[in-house]
Amino acid sequence: MTRLDDDKFFDPDMETMSRADIEKLQEARILKLVPYVYSRSALIREVWDEAGVKPEDIKSLADFKAKVPFIDKDRIRQFRDEHGDPSGGLVCVGPPHLRGVGFTSGTTGDPTPLPRSEYHVAIAGLKRELWHIGVRANDYFTYALFTFREGLNADKWMDSGFRPVTVQHLPSEMPHLVKMSRELRPKAMFMLSTPLIIALEKYEKDTGDDLKEAFSSYKGVVFGGEPMSPHFRAVVTGWGLEIFELSSLGDITTTMDCRAHDGMHTWEDIALIEHLDPDGDAEMPDDSRGELVVTALLDDVGPLIRFRTDDLVQFTRKPCSCGRTHGRLKPIGRKGDEMLIEGRSILPIDIWPLMEQFEETRTGLFQMIRPQREADVLTLRVGYEESALKDSLEQLSARVADVVSTALQVPVKIILATNQSMLKDGPPNKIPRVTKQ
Ligand SMILES: [Zn+2]
């Protein structure tokens with residue numbers, strides 16, 4: 001690892017590697033990985049045998065992409081159930097390397113088991129991200145841990161010289177976070193989530209403490225867990241904090257945006273990224289919408305191989321204005337939420353900003369009605385605030401339909417409902433954005 005004089009990157013050789021060199025590195029890692037997983041992972045062996053693929057058939061990155069069969073969550077769960085194997089047949093090693101089994105969040109069903117190693121590859125990427133935010137050797141950064149990440153211990157950060165200050169990822173710990181921020185002057189906060197922001201807002205209101213002053217040492221804060229609402233974005237920037245959004249990269253590692261805020265950086269030395277037609281295996285054009293398919297290049301415990309994530313992303317391999325060359329993605333939704341209206345891809349993310357244009361619908365309570373994936377008309381159930389009504393419901397409906405159909409270039413049908421009735425099944429963040437009826 002070398003350091004450039006301009007101090008811009010944690011690992012300049014890796015972060016600014018040419019596309020040809022990235023692919024050369026990926027190929028070398030894939031050719032090592034293929035015989036390894038085939039001989040050790042029972043799931044991979046079963047799936048490849050079914051497809052008639054042998055490790056010796058794979059002699060290049062192109063062979064890998066052309067021949068190796070996909071796996072997905074259903075296949076991992078199926079293996080788990082058929083073989084009574086809690087790790088879904090993914091495990092390639094025994095103790096002491098296998099630390100345990102983690103699980104995906106299970107938002108689309110039964111959580112999927114994922115074996116976890118002692119060394120978590122996500123740390124390799126996080127060092128690059130924290131450096132980008134402005135953390136240097138001997139600087140502190142706040143490390144608010146979720147309990148399931150307890151394996152991310154301080155010694156993992158040794159080679160960077162960064163000093164993690166661990167805080168439990170709990171709303172009740174927020175007064176401690178504030179106190180510690182004043183005492184140690186950390187440079188980055190990893191990471192905030194909606195429940196922590198709500199707790200900090202309440203703390204500020206109850207105590208009158210000045211959080212802008214308390215947080216003045218931070219050069220950035222990482223936010224993750226879900227898309228950030230405009231309200232919470234405004235609250236956090238009000239504390240003088242620049243927000244960096246973080247998301248999971250197909251359960252292999254994480255992906256985070258940079259100061260350019262133009263897509264989240266993926267680290268293609270850690271994960272092989274494919275950006276494919278959600279309905280097939282064709283590569284999608286650069287910067288278009290496609291399904292994220294990942295292969296873990298540095299995980300020797302339970303690597304996912306050509307794992308179809310069900311996540312739809314807009315993906316580009318164009319170098320970023322920050323100087324890094326690895327691909328960038330914008331998460332846009334789940335595969336099961338996408339609708340094709342007259343062939344155009346529509347997701348809830350397309351609807352959000354349009355709802356904010358009207359006083360009556362600004363709370364953004366809406367649902368896409370999706371009896372099946374393809375339809376001729378986009379039908380939206382839209383919640384409105386009764387007290388904000390300016391004209392008749394027919395007029396509001398026509399105004400909303402007009403804006404949506406103009407913006408998305410598809411025929412639109414609006415069904416209005418009061419916000420109150422939209423909320424009868426739970427709080428705003430629990431409303432299913434896509435529903436069958
Ligand atoms: Zn960038």
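Now for a look at the structure at hand. (Residues numbered from 1 in each chain as written. Predicted model: local features only at pLDDT ≥ 70, side-chain atom pairs only at ≥ 80, totals over all residues. Heavy atoms only, no water.)

Some words on the overall build of the protein
- Scanning the protein for helices and strands turns up 13 helices and 20 strands.
- What you see for the protein is a C-alpha radius of gyration of 23 Å, in line with the 22 Å of a compact globule of 437 residues.
- With 437 residues in all, the protein has 51% of them scored as buried.
- For the protein, the share of sequence-separated contacts (at least 6 apart) that also reach a separation of at least 24 residues comes to 63%.
- About 19800 Å² of surface is accessible on the protein, with carbon and sulfur atoms providing 52% of the total.
- Positive and negative side-chain charges in the protein, numbering 56 and 70 respectively, have mean positions lying 2 Å apart. (Helix = DSSP H or I, 4+ residues; strand = E, 2+ residues; numbered from the N terminus. Rg over C-alpha atoms; globule rule 2.2 N^0.38 Å. Buried < 20%, exposed > 50% of the residue type's maximum accessible area, 1.4 Å probe, protein only. Contact = heavy atoms within 4.5 Å. Areas by Shrake-Rupley, 256 points an atom, 1.4 Å probe, with all protein chains shown as cover. Lys, Arg positive; Asp, Glu negative; His and termini not counted. Charge placed at Lys NZ, Arg CZ, Asp CG, Glu CD.)

A short note on the environment of alanine 282
- Counting through the fold element by element, alanine 282 comes out in the loop between strand 10 (271-276) and strand 11 (289-296).
- Take alanine 282: its relative accessible area is 41%, and that puts it in the partly exposed class.
- As a C-alpha pair, alanine 282 and alanine 66 span 216 residues in sequence and 9.8 Å in three-dimensional space.
- Those residues in contact with alanine 282 that lie beyond four places of it in its chain are His275, Leu276 and Asp277.

Here we look at the coordination of the zinc ion
- For the zinc ion, the full set of protein donor atoms is Cys258 (SG), His265 (NE2), Cys320 (SG) and Cys322 (SG), and the range of their distances to it is 2.1 to 2.3 Å.
- One way to put it: the four donor atoms around the zinc ion meet at angles of 105 to 119 degrees, and that makes the site tetrahedral.
- For histidine 265, a relative accessible area of 0% puts it in the buried group.
- Among the residues examined, cysteine 322 registers a relative accessible area of 9% and is labelled buried. (Donors = N, O, S within 2.8 Å, 3.2 Å for Na, K, Ca; no water. Tetrahedral: all angles 85-135°; square planar, octahedral: opposite > 155°, others 65-115°.)

Here's the deal with unusual backbone geometry
- Look at the link from phenylalanine 190 to methionine 191: it is a cis peptide, with omega at -5 degrees.
- Structurally, the position occupied by methionine 191 is in strand 5 (residues 188-192).
- Notably, aspartate 287 is not glycine yet its phi reads approximately 75 degrees, a positive angle.
- If you trace the backbone, aspartate 287 turns up in the loop between strand 10 and strand 11.

Considering the sheet that holds strand 19 (residues 412-418)
- Strand order in this open sheet of four strands is 19-18-16-20, and the pairing throughout is mixed. Every interior strand has two partners, whereas the edge strands, strand 19 and strand 20 (434-435), have only one.
- Helix 11 (residues 348-355) rests against strand 16 (366-369), strand 18 (378-384) and strand 20 of the sheet, and its axis sits at about 140 degrees to strand 16.
- Those strands touched by helix 12 (residues 393-408) are strand 18 and strand 19, and its axis lies near 135 degrees from that of strand 19. (Pairing = 2+ DSSP bridges. Axes fitted to C-alpha atoms, helices over the stretch in contact; angles between N-to-C directions.)

Points about the pattern of salt bridges
- Counted according to the given criterion, the structure contains 37 salt bridges.
- The shortest N-O distance in the salt bridge between lysine 179 and glutamate 183 comes to 3.2 Å. With a gap of four residues between them, lysine 179 and glutamate 183 both fall in helix 7 (residues 174-184), about one helical turn apart.
- Among the ionic pairs, arginine 373 bridges to glutamate 338, the shortest N-O distance being 2.9 Å. Taken as a pair, arginine 373 in the loop between strand 16 and strand 17 (374-375) and glutamate 338 in the loop between strand 13 (328-334) and strand 14 (339-341) lie far apart in primary sequence, 35 residues in all.
- Connected via shared salt-bridge partners are Arg19, Glu268, Glu283 and Arg317. (Salt bridge = Lys/Arg side-chain N within 4 Å of Asp/Glu carboxyl O.)

Digging into the sheet that holds strand 8 (residues 253-257)
- The strand order across the open sheet formed by eleven strands is 4-3-5-6-7-8-9-13-12-11-10, and the pairing between neighbours is mixed. Here the strands that pair on one side only, and so sit at the sheet edges, are strand 4 (163-168) and strand 10.
- Here two bridges tie strand 9 (residues 264-265) to strand 13, and the two strands are oriented antiparallel to one another. Directly across from methionine 264, in strand 13, lies its bridge partner leucine 329.
- Contacting strand 3 (140-145), strand 4 and strand 5, helix 7 crosses the sheet at an angle of about 160 degrees to strand 4.
- The strands touched by helix 10 (residues 230-238) are strand 5, strand 6 (220-224) and strand 7 (243-249); relative to strand 7, the strand with the most contacts, the crossing angle is about 130 degrees.

Focus: the pairing of strand 18
- Across the seven residues of strand 18, six count as buried, placing the element largely inside the fold.
- Pairing between strand 16 and strand 18: four bridges, direction antiparallel. Bridge pairing links methionine 368 to leucine 380 in strand 18.
- Note: strand 18 against strand 19, seven bridges, orientation parallel.

A closer look at the nonpolar core
- In this structure, Trp48, Phe64, Ile71, Leu304 and Ile305 are the most contacted members of the largest nonpolar core, which totals 36 residues.
- Of all the secondary-structure elements, those providing two or more residues to this core are helix 2 (19-40), helix 3 (42-51), helix 4 (61-67), helix 5 (73-83), strand 10, strand 11 and strand 12 (307-316).
- Among the elements that take part in this core, helix 2 stands out by supplying five residues, more than any other.
- The residues contacting phenylalanine 64, other than those within four sequence positions of it, are Ile30, Val34, Ile58, Leu272, Thr295, Ile305 and Arg306.
- Grouped together as the second largest cluster of nonpolar side chains are 27 residues, Val167, Leu177, Tyr203 and Trp239 included. (Core = buried A, V, L, I, M, F, W, Y, C linked by side-chain atoms within 4.5 Å.)

By themselves, these observations are geometric and do not establish any function.
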